[in-house]
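Summary of the model geometry
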Amino acid sequence: TAVISPQDPTLLIGSSLQATCSVHGDPPGATAEGLYWTLNGRRLAPELSRVLNASTLALALANLNGSRQQSGDNLVCHARDGSILAGSCLYVGLPPEKPFNISCWSKNMKDLTCRWTPGAHGETFLHTNYSLKYKLRWYGQDNTCEEYHTVGPHSCHIPKDLALFTPYEIWVEATNRLGSARSDVLTLDILDVVTTDPPPDVHVSRVGGLEDQLSVRWVSPPALKDFLFQAKYQIRYRVEDSVDWKVVDDVSNQTSCRLAGLKPGTVYFVQVRCNPFGIYGSKKAGIWSEWSHPTAASTPRSGEHPNRAGWSGAPSGPVRRELKQFLGWLKKHAYCSNLSFRLYDQWRAWMQKSHKTRNQTLPPSFQAQDEGILPSGRRGTTRGKGG
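These numbers come from a predicted model, not from an experiment.

**Let's talk about the overall build of the chain**
A count of helices and strands for the chain gives 2 helices and 26 strands. When each of the 387 residues of the chain is scored for burial, the buried share is 43%. In the chain, the share of contacts with a sequence separation of at least 24, taken over all contacts with a separation of at least 6, comes to 63%.

**Side note on the side chain of Thr266**
Relative to the helices and strands, Thr266 resides in the loop between β24 (256–259) and β25 (267–277). Of note is the side chain of Thr266, whose polar atom sits 3.3 Å from the backbone oxygen of Lys263. Once you skip the residues sitting within four places of it in the chain, Thr266 turns out to touch Val239, Ala297, Ser298 and Thr299.

**Remarks on the packing of aromatic side chains**
For the structure shown, the criterion picks out 4 aromatic pairs. The interplanar angle of 55° and the centroid separation of 6.3 Å between the aromatic rings of Tyr134 and Tyr168 together place this pair among those described as tilted. Taken together, the residues Tyr134 in strand β12 (residues 129–136) and Tyr168 in strand β16 (residues 168–176) connect sequence positions 34 residues apart. Of the two residues, Tyr134 and Tyr168, neither departs from the other in class, the shared state being buried. Between Arg177 and the ring centre of Tyr91, over which it is positioned, the NZ or CZ distance is 3.6 Å. Against the face of Phe277 rests Lys232, its NZ or CZ located 5.4 Å from the ring centre.

**So, the sheet that holds strand β19 (residues 194–195)**
For sheets, the rule is that strands pair by backbone hydrogen bonds, running either parallel or antiparallel. In space, the 5 strands of this open sheet follow the order β14-β15-β11-β10-β19, with mixed pairing throughout. Both edges of this open sheet fall to β14 (147–148) and β19, since each of them pairs with a single strand only. In the sheet, β14 pairs with strand β15 (residues 155–158) via 2 bridges, with the strands oriented antiparallel. Opposite Tyr148, over in β15, you have Cys156 as the bridge partner.

**Details of the sheet that holds strand β21 (residues 214–217)**
Pairing in this open sheet of 3 strands is antiparallel, and the strands run β20-β21-β24 from one edge to the other. One side of each edge strand has no neighbouring strand; the edge strands of this open sheet are β20 (203–206) and β24. Neighbour-to-neighbour, the strand axes of the sheet open up by a mean angle of 20°, direction not taken into account. Examined bridge by bridge, β21 and β24 share 4 bridges and lie antiparallel to one another. Bridging across to β24, Val216 finds its partner in Cys257.

**Details of the environment of Gly119**
Among the secondary structure elements, Gly119 is positioned in the loop between β11 (112–117) and β12. Look at Gly119 and you get buried, because its relative accessible area is 8%. Residues Gly119 and Ala181, 62 residues apart in the sequence, show an inter-C-alpha distance of 9.6 Å. Apart from residues no more than four positions distant in its own chain, Gly119 is found in contact with Glu97, Lys98 and Phe100.

**Considering the environment of Ser252**
Mapping Ser252 onto the fold places it in the loop between β23 (246–248) and β24. Overall, the relative accessible area of 42% leaves Ser252 in the partly exposed class. In the structure, Ser252 is positioned 20 residues away from Lys232 in sequence and 4.8 Å away in space, judged by C-alpha atoms. Setting aside chain neighbours within four positions, we find Ser252 in contact with Ala231, Lys232 and Tyr233.

**Let's talk about the state of the cysteines**
Counted by the stated rule, this structure contains 3 disulfides. The disulfide that involves Cys145 links it to Cys156, with 1.9 Å between the sulfurs. Taking the torsion about the sulfur-sulfur bond, which here is approximately -100°, the covalent link between Cys145 and Cys156 counts as left-handed. Of the two residues, Cys145 sits in the loop between β13 (143–144) and β14 while Cys156 sits in strand β15, which places them 11 residues apart along the sequence.

**A closer look at the pattern of salt bridges**
One side chain can pair with another of opposite charge once the charged atoms of both are near each other. Scanning the model with the defined rule gives 3 salt bridges in all. Linking Asp184 and Lys98 is a salt bridge whose minimum nitrogen-to-oxygen distance equals 2.8 Å. You can see Asp184 sitting in the loop between β17 (179–182) and β18 (186–188) and its partner Lys98 sitting in the loop between β9 (84–93) and β10 (100–107), a full 86 residues away along the chain. In this structure Asp184 comes out as exposed when scored by relative accessible area, which is 52%. You can call Lys98 partly exposed: its relative accessible area is 41%. For Lys107, the salt bridge identified is with Asp197, shortest N-O distance 3.1 Å. With Lys107 in strand β10 and Asp197 in the loop between β19 and β20, this pair connects stretches of sequence that are 90 residues apart. Looking at Lys107, the relative accessible area reads 34%, which means it is partly exposed.

**What about the pairing of β21?**
As paired strands, β20 and β21 are joined by 4 bridges and run antiparallel to one another. Counted as the bridge partner of Arg206 is Leu214 from β21.

What counts as what
Residues numbered from 1 in each chain as written. Predicted model: local features only at pLDDT ≥ 70, side-chain atom pairs only at ≥ 80, totals over all residues. Heavy atoms only, no water. Helix = DSSP H or I, 4+ residues; strand = E, 2+ residues; numbered from the N terminus. Buried < 20%, exposed > 50% of the residue type's maximum accessible area, 1.4 Å probe, protein only. Contact = heavy atoms within 4.5 Å. Polar contact = N/O pair within 3.5 Å; in protein donor to acceptor, adjacent residues only side chain to side chain. Phe/Tyr/Trp six-rings, centres within 6.5 Å; stacked < 30°, edge-to-face > 60°. Lys NZ or Arg CZ within 6 Å of the ring centre and 35° of its normal. Pairing = 2+ DSSP bridges. Axes fitted to C-alpha atoms, helices over the stretch in contact; angles between N-to-C directions. Disulfide = S-S within 2.5 Å. Salt bridge = Lys/Arg side-chain N within 4 Å of Asp/Glu carboxyl O.

Any functional reading would require information that these geometric values do not contain.
Written as structure tokens, this is what we have:
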């Protein structure tokens, strides 16, 4: 019964719109005099409209804001009784900006997942389509990723049929009603962006009766066991009633670690993650896996093991001072150094023995100066009563 012109226009934010609604005499007696406009169901002010002739009502909108819905704002022409005579979709927005910050990773060298940032402003107020494109660098045709939104709104997953030892070119194209934009091209080799599952079988246990330590053990990622690669690990731990994690960075490629300097009688949650790097000689740093599921264990309470070698009844004088200095260094610098903990255990064994021996002379200092742990030639003497 009526026509709105222009029909379904697309405009930049800040633009003006001149529209008309022309009736065709059906229903009988319909004239422009009784018509009015609504935008998204809200009646527009009468001063925005004017009658051009007996059958045409004009509308003037200035400085348009972005569309409230990506499917277009509903501009509707109504008869005097409120019935709908005609409608139009009004698209107001921005052209897409150049996508950036593309990052990709391959789970166990079996697939490739990428995500990106849509643009400096991001919001275009219009439906914007993003396509991830990829191809082999020196030959091959363009391919389009098909599994979108796998790890977020701007991501895509390529599940198979990927080549190794050959660089890929990857980019993102963005299009909407007002234009298109293309990202810079990311060049990568699958071997350089490998990540894996978190280390399985994480076990946390006590170290005898040592009230300040826990032992952590885990297994290398099984999915990569047949590939030539290196690995490094990180551990993080927190007490039961805290949300603050403490990270141990210097685990190297070991699959075990002893945490020192812990609180006695305390429950700790421990997680481990893996960074596979150097796969088939790759020079890239690798990508960290997710953290393993938290594993809980508690340290012994003070006095729980009365026969352990500890500070209670420990020698005094130079021995105690030197041991205290060593333990302070150990807690600060070498949480997971096997050499350091062997020295630590030797200290404790010697201390325990010293409780049972009178006039025990401290044996020669451990010759660890090459590792930067203790200077050589330091001795101490204990002259206390036997334990």
